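# Examination of the molecular architecture
What follows is the residue order along each chain.
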Amino acid sequence: MNIVVKKTEHPKAKPEGKLGFGQIYTDHMFVMDYSAEKGWYDPRIVPYAPIELDPATMVFHYGQAVFEGLKAYMTEDGKVRLFRPEKNFARLNVSNDRLSIPPIDENLCLEALKQLVELEKDWIPKQEGASLYIRPFIIATDVSLGVRPSDTYKFFIICSPSGLYYEEGLEPVKIYVEDKYVRAVRGGMGFTKAAGNYAVSIKAQVIAHEKGYSQVLWLDGVEQKYIEEVGAMNIFFKINGEVVTPMLNGSILGGITRMSVIELLKKWGVPVSERRISIEEIYEAYKNGQFEECFGTGTAAIISPVGELRWQDNVMKINNGKIGELTQKLYDTITGIQTGKLEDELGWVVKVD
Ligand code: PLP
Ligand code: COI
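Residues numbered from 1 in each chain as written. Chains lettered and ligands numbered in written order. Predicted model: local features only at pLDDT ≥ 70, side-chain atom pairs only at ≥ 80, totals over all residues. Heavy atoms only, no water.

## Regarding empty space enclosed by the protein
Where empty space is left can be seen by rolling a probe of water-molecule size over the atoms. Heads up, the rule is: Using protein atoms alone on a 1 Å grid, points that fit a 1.4 Å probe yet trap it form a cavity, whereas open point sets bounded by protein on both sides within 12 Å along at least five of seven lines form a pocket; residues with an atom within 4 Å of a point count as lining. Grid points are joined across faces, edges and corners, and a volume is the space filled by probe spheres set on the points. Numbered from the N terminus, helices here are DSSP runs of H or I no shorter than four residues, and strands are runs of E no shorter than two.
All chains considered together, the criterion is met by two cavities of 30 Å³ or more. As a volume, the largest cavity reaches approximately 100 Å³. Lining the largest cavity are G69, L70, K71, Y73, F83, N88, I256, T257, G298, T299, I302 and Q338. Contributing elements (two or more residues each) for the lining of the largest cavity: β5 (70-74) and α6 (256-268).

Next up, the structure:
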């Protein structure tokens, strides 16, 4: 399928100074439509603009909406690079399947992404820690109030020059272990990047913010005993020399940064296990002085050190609130590969130009 490109006649001024996360959008976006008769059709890059939808459009009512998040980086010698983008489109199809949304052609979407990013390359920020955050997403567009899968959809890719996700930067964040609300249960859609997973998480996040915490650490939806993940990150613990992260059990997202960290740790010979781990086990390790490091992983957050975990009335200060040695090494390695400062020995980087 040929991707038609219509360039803007009104390019916007590029941002200057501090960027924040996901506040500014570039000049163009990718759009493609789906109908039951035609399949996905009319892939096109067009000027970024608002869209008009009927108030009875299904996505507003029953939430058939899925998304992805990835980043484009500018290397020091001015080359544009993506980090494992094929994994994002593969995961989008996992989300599509669960939400009864028709699958996308992953190769076509990757090609569309490369063309869009190439066109928007002057928007890629060059400051340390900044990048072009890319948000592919799909919405159901039938105009109908009946509960059923939509017969029509729209797929978009928008881009946003962004800084680090947390205001703290690489300063360790404080995380609140949520023991009242739950995010997902097995059999639900916790393993997908469905918009609804974020809607359900906001209330607990607001409460945690009011208490001075950046994010919530979710426990399992049945016993509220086992660790799941953080609002926008997977979570890792270094306990007595071993790195542990919750296994993919159907209710947490299979993060691409998580996968990359596990692959790196194995390559380095650091013991790492994906298993069920309870909050009690972590608190015990803390009391015994064996809880050495804690960090979150995610596209937006990269590697984010956790300096404090609060579970009920127990406050665990990790590594004296400082970034751990292994956490720092993972941050340096992942960002080094992403920005071309380190050699891409594992073949993770996709060249755009
Ligand atoms: N878990 C949730 C709920 C997320 O939103 C994210 C961010 O995408 C992650 C984990 C980390 O996934 P990834 O490393 O693929 O960005
Ligand atoms: C990402 O890391 O790409 C995410 O999607 C997190 C987010 C919801 C801001």
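What follows continues from the structure just given.
## Quick notes on the site of ligand 1
Using the following cut-off: When we say a residue is near a molecule or strand, we mean one of its heavy atoms is within 4 Å of it. Definition of a polar contact: a pair of N or O atoms within 3.5 Å, with one able to donate and the other able to accept a hydrogen when the atoms are protein atoms, and with sequence-neighbouring residues admitted only if both atoms are side-chain atoms. Only the protein chains shown count as covering a residue, and every accessible area follows the Shrake-Rupley method with a 1.4 Å probe. Three categories are distinguished: nonpolar for Ala, Val, Leu, Ile, Met, Phe, Trp, Tyr, Cys and Pro, charged for Asp, Glu, Lys and Arg, and polar for the others, with Gly belonging to the last.
Around ligand 1 there are 17 residues in total, and K193, Y198, E229, T257 and T299 lie nearest to it. Within the contact set of ligand 1, an oxygen atom lies 2.6 Å away from a side-chain nitrogen or oxygen of T299. Taking 380 Å² as the accessible area of ligand 1 by itself, protein coverage stands at 97%. Counting only elements with at least two residues in the shell around ligand 1, the list comes to β11 (227-230), α6 and β15 (291-298). When the residues that make up the shell around ligand 1 are grouped by side-chain class, the tally is six nonpolar, seven polar and four charged.

## Side note on the site of ligand 2
Taken together, F21, F67, G69, Y133, R135, Y165, K193, Y198, A232, T299 and A300 make up the full set of residues near ligand 2. A distance of 3.4 Å separates an oxygen atom of ligand 2 from a polar backbone atom of T299. Taken by itself ligand 2 offers 280 Å² of open surface, and the protein chains cover 90% of this. Split into classes, the residues belonging to the shell around ligand 2 amount to seven nonpolar, two polar and two charged.

## Remarks on the environment of L113
The cut-off we apply is this: Relative accessibility thresholds used throughout: buried, under 20% of the residue-type maximum; exposed, over 50%; partly exposed, between the two (1.4 Å probe, protein chains only). Any two residues whose heavy atoms approach within 4.5 Å are treated as being in contact.
Assignment of secondary structure puts L113 in helix α3 (residues 106-119). L113 gets classed as buried once you look at its relative accessible area, which sits at 0%. Each C-alpha atom, one on L113 and one on L82, is 9.6 Å from the other, the two residues being 31 residues apart in sequence. Not counting the four nearest positions on each side in its chain, L113 is found in contact with L70, L82, P85, F89, I134 and I157.

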